Amino acid sequence: MTALKTRITDLLGCKYPIIQGGMAWIAESTLASAVSDAGGIGLIAGGSAPIDYLREQIRKTKAAVGDKPFGVNVMLMSPNADDLAKLVIEEGVPIVTTGAGNPGKYMEGWKNAGIKVIPVVPSVALAKRMERAGADAVVAEGTESGGHIGENTTMCLVPQVVDAVEIPVIAAGGIADGRGIAASFMLGAEGVQLGTRFLAAEECQVHSVYKQLVVDAKDTDSIVTGRYTGHPCRNVKTKFSKKLANGERDGSLTPEEFENITLGSLRKAVQDGNLEEGSFLCGAIAGMVKKIEPAKDMIEEMFKEAEALLNQCR
Ligand code: TUI
């Protein structure tokens, strides 16, 4: 069986049209290298750490993957986004994805440096703006995703973005197996981005408490908090996230108090497995993630299944 070839595999030079989500505090060189080595695109999360640490992560990944492609996600709400935008150019990073904002002011510099730029977008309007600004592709990310989310679902957003732009579209949000990949292709996507499934990769360095929460999650175990702050976030349901949701609902937490309590909560989840004060971001598909295994096994199994399903439709 041959791997699915699309404009995304051509553009990025990878075997499989799959990108690992640039999960803040989570996506570092060990996971990124494993995904890229397996034929996908591994991403390093930029924005959750000091520039020198990220430089080291980029160099480690480069050394591990040789000439295979990898990327960096630039989280645009990060206070060091400007420095990160320069770093990816200095370090010759081949692919940049962006999240949580409009990367317009960095586009020219990145394109002049030969970087393939793929903004994550939650709407048709932003997808069109990004195409006009010179994006090579977009990730259309549905509200099923973990972390900071938009409002529209993957099922509704992806085909509308596909219809609105000429550049290739990568689907994200609620995809964790070959069926999700095949469905994304049926909606017109030419690639997929997965975060939650890779939380359970052997190479993912999150605390074991975090991995176990994902593996144990059932369909109703994700919850969205923080809508009233303007930065809604999807998390695993825990005592902490339920307390936040209640405080938001009954008005006992002001948006400012909410922001203060959640400051640093992602680090507390990822590094300390702290159930009292940590935000364990995950997508709505966590209920389907049941096994901790190497990223390579996940990717190969998912594409075998997706290709078989898509062949049935030919
Ligand atoms: O960025 C993500 N997911 C994330 S970022 C993150 S770290 C964080 N920490 C605290 C507060 C907020 C984030 C955790 N998860 N996904 C991509 C994504 N981008 N989702 C939604 C957007 C987005 C939203 C608005 C992209 C562009 C946008 O544009 C607004 C504008 O300026 O037009």
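Given the structure is predicted, the values throughout are model-derived calculations rather than measurements.

Cut-offs and rules
Residues numbered from 1 in each chain as written. Predicted model: local features only at pLDDT ≥ 70, side-chain atom pairs only at ≥ 80, totals over all residues. Heavy atoms only, no water. Helix = DSSP H or I, 4+ residues; strand = E, 2+ residues; numbered from the N terminus. Buried < 20%, exposed > 50% of the residue type's maximum accessible area, 1.4 Å probe, protein only. Contact = heavy atoms within 4.5 Å. Pairing = 2+ DSSP bridges. Right-handed = clockwise from strand over helix to strand, strands pointing away.

### Notes on the environment of Ala3
For Ala3, the position within the fold is in the segment before α1 (7-12). Taking relative accessible area as the criterion, Ala3 reaches 15% and is therefore assigned buried. Sequence spacing of Ala3 and Glu300 is 297 residues, and the spatial spacing of their C-alpha atoms is 9.4 Å. Residue contacts for Ala3: discarding those within four places in its chain leaves Lys15, Tyr16 and Glu307.

### Some points on the sheet that holds strand β10 (residues 222-225)
What the three strands build is an open sheet, ordered β7-β11-β10; its pairing is antiparallel. On the outer flanks of this sheet lie β7 (147-148) and β10, each paired with one strand and no other. Bridge count between β10 and strand β11 (residues 233-236): four bridges; the pairing is antiparallel. Looking at β11, one finds that Thr225 is bridged to Cys233.

### Some thoughts on the pairing of strand β5 (residues 116-121)
Of all six residues in β5, five are buried, a share of seventy percent or more. Here four bridges tie strand β4 (residues 95-99) to β5, and the two strands are oriented parallel to one another. Following the sheet pairing, Val96 is matched in β5 by Val117. With respect to chirality, the unit in which β4 leads through helix α5 (residues 104-112) into the neighbouring parallel β5 is right-handed. One ladder, built from two bridges, connects β5 with strand β6 (residues 138-141); its direction is parallel. Bridge pairing links Val121 to Ala140 in β6. Handedness of the crossover is the feature at issue here: the chain leaves β5, passes through helix α6 (residues 124-132), returns alongside β6, and the resulting connection is right-handed.

In short, geometric facts, not functional conclusions.
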